[in-house]
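One letter stands for each residue in the lines below.
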Amino acid sequence: MDLDVVNMFVIAGGTLALPILAFVASFLLWPSALIRIYYWYWRRTLGMQVRYVRHEDYQFCYSFRGRPSHKPSVLMLHGFSAHKDMWLSMVKFLPKNLHLVCVDMPGHEGTTRSSLDDLSIDGQVKRIHQFVECLKLNKKPFHLVGTSMGGHVAGVYAAHYPSDVCSLSLVCPAGLQYSTDNKFVQRLKELQESAAVEKIPLIPTTPEEMSEMLQLCSYVRFKVPQQILQGLVDVRIPHNTFYRKLFLEIVSEKSRYSLHQNMDKIKVPTQIIWGKQDQVLDVSGADVLAKSIANSQVELLENCGHSVVMERPRKTAKLLVDFLASVHNTDNSKKLD
């Protein structure tokens, strides 16, 4: 979500060598421009290059580092209303000899947004398969990583295209059915019943709602100034109509439990990572997956909420590298500093 942007205010003064007052003043005037500069700076620092590829009249935007080798390539799918750059905090701790590909999910950031697009989970799976085919990423099986909505898509992709994927990492994925609903899901159902689609907690429209979303998605409690919260909201507002449409599609009867319905078809080695304090998707989902996926292992992170990648990037990177090494006997055990 936007936790990495919040982190920017902690490090930006020293990292970008700008006086704090000038930085804050600039952010208040041009928040979206400064956020783009921030991501551009970190992509450049980490060696991530942005490219575009087309499937017929549909454009995908992605970033990558490294080249295909004897080791599996790694394709990373972000969550709802995020973008490819959400992985940068984790990429920082990944070995440079890994071939990494981070794609903007359908309708997000630089990837085509079309009113005719099928935004269901199955529709997104088909789009990601088109992207994979365009890059010939499945010339040999690759490792697939997804978080939240991206984890939902990743799990269903592994079930639908088993020959493409050699292993899988699911980070607090959506798409599971629970015996009891947590408070967040209960609230969503109440909003659906009352048709109050303007008040979806993951689509903030005011600084107060942005603050609530940050607290919902993160175990760490950030004290973010009101002006900065307003800036974050201003960046998202132009996209909120699309986010509402997407959200209603992925929680519809057609898509809500797609991963649950397909998890027994996942046959590749699977890593399941979850924050123990996740308030969005209950951590008990890890056990649900582990019981249905024979070759799986579970990693539960203490003092961590839903935004695992941004709350615990170093730990998540280490878990991924260790998992790849154990499954594929690759020497990726470099020190993560």
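Let us look at the structure shown here. Owing to the predicted nature of the structure, the values given are computational and were not obtained by experimental measurement. (Residues numbered from 1 in each chain as written. Predicted model: local features only at pLDDT ≥ 70, side-chain atom pairs only at ≥ 80, totals over all residues. Heavy atoms only, no water.)

Here we take up the overall build of the chain. Helix and strand counts for the chain come out as 14 helices and eight strands. Of all 337 residues assigned to the chain, the portion counted as buried reaches 55%. Sequence separation of 24 or more characterises 74% of the internal contacts of the chain that already satisfy a separation of 6 or more. For the chain, the exposed area adds up to about 15100 Å²; of that, 52% sits on carbon and sulfur atoms. (Helix = DSSP H or I, 4+ residues; strand = E, 2+ residues; numbered from the N terminus. Buried < 20%, exposed > 50% of the residue type's maximum accessible area, 1.4 Å probe, protein only. Contact = heavy atoms within 4.5 Å. Areas by Shrake-Rupley, 256 points an atom, 1.4 Å probe, with all protein chains shown as cover.)

Per the counting criterion, the structure on display carries eight salt bridges. Notably, a salt bridge pairs Lys254 with Asp118, separated by 3.9 Å at the nearest N-O pair. Taken together, the residues Lys254 in the loop between α10 (240-250) and α11 (258-262) and Asp118 in the loop between β4 (100-103) and α5 (121-135) connect sequence positions 136 residues apart. Among the ionic pairs, Asp181 bridges to Lys189, the shortest N-O distance being 2.6 Å. The exposure class assigned to Lys189 is partly exposed, which follows from its relative accessible area of 30%. (Salt bridge = Lys/Arg side-chain N within 4 Å of Asp/Glu carboxyl O.)

Within the secondary structure layout, Lys183 lies in helix α7 (residues 183-193). Taking the C-alpha atoms as reference points, Lys183 and Leu281, 98 residues apart in sequence, are found 9.9 Å from one another.

So, on to the side chain of Ser258. Within the secondary structure, Ser258 is located in helix α11. Of the residues examined, Ser258 reaches a relative accessible area of 4% and is grouped as buried. If we skip the residues at most four places from it in the chain, Ser258 touches Ile121, His152, Val156 and Gly175.

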